[in-house]
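# Geometric and topological summary
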Amino acid sequence: MALTPDDVVTKQFQHVRFKEGFDPDEVDDFLDEIVVEWRKTIAENEELKAKLAAFESGESAPAAAPEAVEEPAAAEPVAEAEVIEEVPAPAPAVSNEGPAAASAGIIELAQRLHDEHVAEGKAQRDQLISDAQSQAASIVNEAEAKGREEMARLDRERATLETRITELRTFERDYRTQLRSYIEGKLRDLDTTATPSGSTPVSAIGL
């Protein structure tokens with residue numbers, strides 16, 4: 001289906017968010033100018049087609065008819081001369097391609113700008129995704145490094161506490177041993193001192 005000015009006027013574009021783009025008002029104004037020029041070009045093209053059709057149908061032939069009646073012998077050369085001179089008449093249709101080509105060029109330029117803008121947006125999107133992934137990887141690596149450091153610190157603290165617990169248990173065992181020896185020694189001393197002191201009262205009684 002051929003593209004018409006009405007297609008340009010009624011074309012609806014989707015709005016994007018969180019992304020840079022062209023000013024919608026400027027794009028609309030520019031498209032309005034394209035539509036105006038396009039319609040003028042179509043009107044001129046139709047007019048030239050009508051003129052060409054009228055020329056091909058022979059509407060301009062009666063002007064040469066009187067000369068053909070007065071001078072029959074020269075009629076054919078004159079007709080040939082007229083044909084030779086009038087053959088280039090379709091040239092305006094060719095020249096009419098200038099505005100049409102200009103309109104097509106404008107549309108092509110707008111499409112190319114649109115494609116470049118889309119490509120730039122995709123490149124920015126890919127760059128943002130790449131930066132985000134790099135930043136996320138850096139954060140994860142940093143967190144893992146901190147986690148390893150924290151685990152190493154906790155392992156060192158655990159080893160220190162285990163050593164301290166071992167030392168305390170050894171101290172407790174030695175202290176219990178020394179305390180038991182001390183108490184047993186005191187009990188022996190009590191047993192030793194209790195025997196002489198217990199015989200004195202018996203002698204005094206006369207047993």
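Note that the structure is a prediction, hence the values are computed from the model and not measured.

About the thresholds
- Residues numbered from 1 in each chain as written.
- Predicted model: local features only at pLDDT ≥ 70, side-chain atom pairs only at ≥ 80, totals over all residues.
- Heavy atoms only, no water.
- Helix = DSSP H or I, 4+ residues; strand = E, 2+ residues; numbered from the N terminus.
- Buried < 20%, exposed > 50% of the residue type's maximum accessible area, 1.4 Å probe, protein only.
- Phe/Tyr/Trp six-rings, centres within 6.5 Å; stacked < 30°, edge-to-face > 60°.
- Salt bridge = Lys/Arg side-chain N within 4 Å of Asp/Glu carboxyl O.
- Core = buried A, V, L, I, M, F, W, Y, C linked by side-chain atoms within 4.5 Å.
- Contact = heavy atoms within 4.5 Å.
- Expected span 1.5 Å × (residues − 1).
- Patch = residues over 30% accessible without salt bridge, like charges linked within 9 Å, V, L, I, M, F, W, Y side chains within 5 Å.
- Areas by Shrake-Rupley, 256 points an atom, 1.4 Å probe, with all protein chains shown as cover.
- Lys, Arg positive; Asp, Glu negative; His and termini not counted.
- Charge placed at Lys NZ, Arg CZ, Asp CG, Glu CD.
- pLDDT = per-residue confidence, 0-100.

### Some details on the overall build of the protein chain
Looking only at helices and strands, the protein chain features six helices and zero strands. What you see in the protein chain, going N to C, is helices and strands ordered as α-α-α-α-α-α. Per-residue burial for the protein chain yields a buried fraction of 6% across its 207 residues.

### What to know about the packing of aromatic side chains
The full count for this structure, using the stated rule, is one aromatic pair. Ring centres 6.1 Å apart and planes at 20 degrees place the aromatic pair phenylalanine 171 and tyrosine 175 in the stacked group. In this pair, phenylalanine 171 and tyrosine 175 both sit in helix α6 (residues 97-205), four residues apart, roughly one turn of the helix. Assessed through its relative accessible area of 46%, tyrosine 175 is described here as partly exposed.

### What about the pattern of salt bridges?
Opposite charge on two side chains allows them to pair when their charged atoms are near. Following the criterion strictly, the structure yields eight salt bridges and no others. Glutamate 142 is paired through a salt bridge with lysine 146; the nearest N and O atoms lie 3.6 Å apart. Taken together, the positions of glutamate 142 and lysine 146, both in helix α6 and four residues apart, correspond to about one turn of that helix. Its relative accessible area of 51% is what places lysine 146 among the exposed residues. With its nearest N and O atoms 3.5 Å apart, the salt bridge here joins glutamate 167 to arginine 164. Of the two residues, glutamate 167 and arginine 164 both sit in helix α6, three residues apart, roughly one turn of that helix. Three or more residues joined by partner-sharing salt bridges are found here, namely Glu150, Arg153 and Glu157.

### Some words on the nonpolar core
Grouped together as the largest cluster of nonpolar side chains are five residues: Val8, Leu31, Ile34, Val35 and Trp38. With four residues, the single largest contributor to this core is helix α2 (residues 24-57). Apart from the residues lying within four places of it in its own chain, the contact partners of isoleucine 34 are Ile106 and Ile107.

### Things to note about α2
With 34 residues, α2 extends 49 Å between its outermost C-alpha atoms, agreeing within 8% with the 50 Å of an ideal straight helix rising 1.5 Å per residue. Among the residues of α2, Leu31, Ile34, Val35, Trp38 and Thr41 are the ones counted as buried. Positive phi shows up at glycine 58, right after α2, with a value of about 90 degrees.

### So, a negative patch on the surface
On the surface, a cluster of negative charge is contributed by Asp23, Asp25, Glu26, Asp28, Asp29, Asp32, Glu33, Glu37 and Glu44. Classification of aspartate 23 as partly exposed rests on a relative accessible area of 35%.

### Comments concerning the confidence of the model for the protein chain
Mean pLDDT over the protein chain stands at 74; residues scoring 70 or higher make up 66%. Looking over the protein chain, one finds the lowest element-wise mean pLDDT in helix α4 (residues 72-86), namely 42, and the highest in α2, namely 85. Note on residues 60-96: pLDDT under 50 across the span, and 13 contacts to partners over four residues away in sequence or across chains. Across residues 202-207, where pLDDT falls below 50, the model places one contact with residues more than four positions away in sequence or in other chains.

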